[in-house]
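# Residue-level structure breakdown
Letter by letter, the chains look like this.
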Amino acid sequence: MKRSPLLLGVALAAVSGPALADDATITSQYTLPFLTSSAFNGSPGNLTINQGARLYIDTSGAAVTINSNNTVLNSGVIQNAASSNAVGVHLVAGNNGSLTLNGATNAILCLSTDCRVFSGNGTGNTGVLLDGNGTFTGSIDLQFGSSTVVVGTQATGVLINSQLTGNLNVTQIMTVSGEDSTAIRVNAPIVGEFTVGQAITARGVNIYSSTQVDALSNSAVAIGANVTSGFVVMGPGSSADTTVSGTLLNSGTAATVLIAPSVAGVNASNIVIGPRTSDAFGKQTFSFINRGLINASDNDPGVTGTSVLLGETGAATHTVNLTGGFYNRGRIVTTTESDNAFATGAASAPSNAYGVIVGNGATISNFSTSGNAGSGSTVSTIVLDGNASATNDFYKDLYVTVGNDTRVITGYDGTTKTATVGALNGSTSTFTTAPSTGDQFTIKRNAAFINEGSIQATTTGNQAVTAAALKILAQGSTASLINTGTISALASTTDTGVASLSAYGIQDLSGTLTNIVNTGSIAAAAAHVIQPTSRRPR
């Protein structure tokens, strides 16, 4: 059979399915845009790009478009070298499918003229774009070991503009470079889990200036819509776990991780980040989990840094609710400098530093669920109702209250929906009496915000500055905190004439933080320091 000119350099594989449906496999180089709706013979099919193969175009628009119920597996290279309005992979809503960048083969998605040195400019380039009417059902899986490079002003690595019903997994090396660039931007709901890891970077420039303030990036992760099953930064869940810590980095005044209705612009609405539904280390009921490094870092004057911002810093017309709370086992680090050592042609200017800001309209909630006990409970167990989770140990280590009895859940059987209880704060290990069928129960965690890692904010230089590791704005809300790690802030200046320096381990302007349990370290220091004789390299 003669091959269509569309598939020169493409090998075909027979597949089962509708008549005339053909899948396509790129085995060498292919230099035309590819649409799954017309993979071959004008009929839809899946696309596979083999290791060592490349799909290359240099025109505006998408290199690959998923506009049918099909999948794309890239084990090689997808490259669009157009200077502006280039797209790597375009997922069109209203279809079922998936996009996978194979980590085992070090797959590459590149929107640059040279993927090795991040060269190029232009504007509005996007690595992965999801848009259109309706919902795209399926996963976006940019695996550990793969990489994405996008360059240009207002460049974006992943842009979600329509609902994704499936998981968004970006655990690769992603570098997005250009003024106002964003690594991952979510403007529409994700009905699933959102996981990031390895190294996600948004930076304003590729080559830094020593005389001027460099162009600034936007966020590494910006979320402006619901995520039903939580947001996670990958990393080790225990001292024995060898999972590589994910790193999120940006350089700019935008927060490294920003969850705010304003992200979605004119489509802003209330945001709910729901609890994670599964976690290998028992933290599945949290909405925000960090086991890696979230780092806001800039050493130019006048650039205030924030690692995590929930809600708005100004007036809030919509809300953000982390219904499962906030858990940090990794590092959240912000560093800024107010002097002009790295921008000698610019004037020194205040550069404040904030670790986590619970902004206006934002609430970090304590995970809570309630229902009515089923039949078969005993003094050491309670059978939950039919709405309870089907995941084993989903409620482990949470507190269950029935009447005046509160006990800790030591185990949970998702099949029988039976929770086993134990002693809490000196109580007996069993209920006073066995819960009766229909008795109301409530299950909660012991705090909304749990820090087992470190949250640090540091600002240095020669100006009057402020550093706060955890700041709750007047219209933000976080009722309870357990800290077994480190929460610290340092504000320093080399100018002994500066009278105003402020540092806060925790700064609560809302009055909502009424319960703190600290067995770790909460510290703050504001100090005049001697001018160093040498500076670290950029």
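In what follows, the accompanying structure is described.

Reading guide: rules and limits
Residues numbered from 1 in each chain as written. Predicted model: local features only at pLDDT ≥ 70, side-chain atom pairs only at ≥ 80, totals over all residues. Heavy atoms only, no water. Pairing = 2+ DSSP bridges. Helix = DSSP H or I, 4+ residues; strand = E, 2+ residues; numbered from the N terminus. Axes fitted to C-alpha atoms, helices over the stretch in contact; angles between N-to-C directions. Buried < 20%, exposed > 50% of the residue type's maximum accessible area, 1.4 Å probe, protein only. Core = buried A, V, L, I, M, F, W, Y, C linked by side-chain atoms within 4.5 Å. Contact = heavy atoms within 4.5 Å.

### Quick word on the sheet that holds strand 33 (residues 320–322)
One open sheet holds the four strands; their spatial order is 29-33-37-47, and the pairing between them is parallel. The open sheet is flanked by strand 29 (271–273) and strand 47 (477–478), the only strands paired with a single partner. Where strand 33 lies against strand 37 (residues 362–364), three bridges are found, and the strand directions are parallel. Residue pairing for strand 37: Asn321 is matched across the bridge by Thr363.

### Thoughts on the sheet that holds strand 41 (residues 405–413)
Sheet strands line up and pair through hydrogen bonds in the backbone, either parallel or antiparallel. Here six strands make up an open sheet; going across it, the order is 38-43-40-41-42-39 and the pairing antiparallel. At either margin of the open sheet sits one strand with a lone partner, and together these are strand 38 (368–372) and strand 39 (381–383). Neighbour-to-neighbour, the strand axes of the sheet open up by a mean angle of 35°, direction not taken into account. Bridge count for strand 38 against strand 43 (residues 440–444) is five bridges, and the pairing is antiparallel. Looking at the pairing, Gly371 lines up with Phe441 of strand 43.

### Focus on the pairing of strand 13 (residues 126–131)
Counting buried positions along strand 13 gives five out of six residues, so the element sits mostly inside the fold. Summarising the sheet, strand 10 (residues 86–92) and strand 13 pair through five bridges and their orientation is parallel. Within strand 13, the position partnered with Val89 by the bridge is Val128. As judged from the four bridges shared by strand 13 and strand 17 (residues 156–160), these two strands associate in the parallel manner. Looking at the pairing, Val128 lines up with Val158 of strand 17.

### Quick look at the nonpolar core
Core analysis: the largest hydrophobic core is formed by 80 residues, its most contacted members being Leu168, Ile184 and Phe194. The contacts of Phe194, once residues within four sequence positions are left out, are Leu168, Ile184, Val186, Val221, Ile223, Val227, Gly230, Phe231, Val232 and Arg276. Among the nonpolar cores identified, the runner-up in size contains 17 residues, and Phe394, Leu398, Val400 and Val402 belong to it.

### Here we look at the environment of Val151
The topology assignment puts Val151 in strand 16 (residues 147–151). Look at Val151 and you get buried, because its relative accessible area is 2%. Separated by 40 residues in sequence, Val151 and Leu111 have C-alpha atoms that sit 6.4 Å apart.

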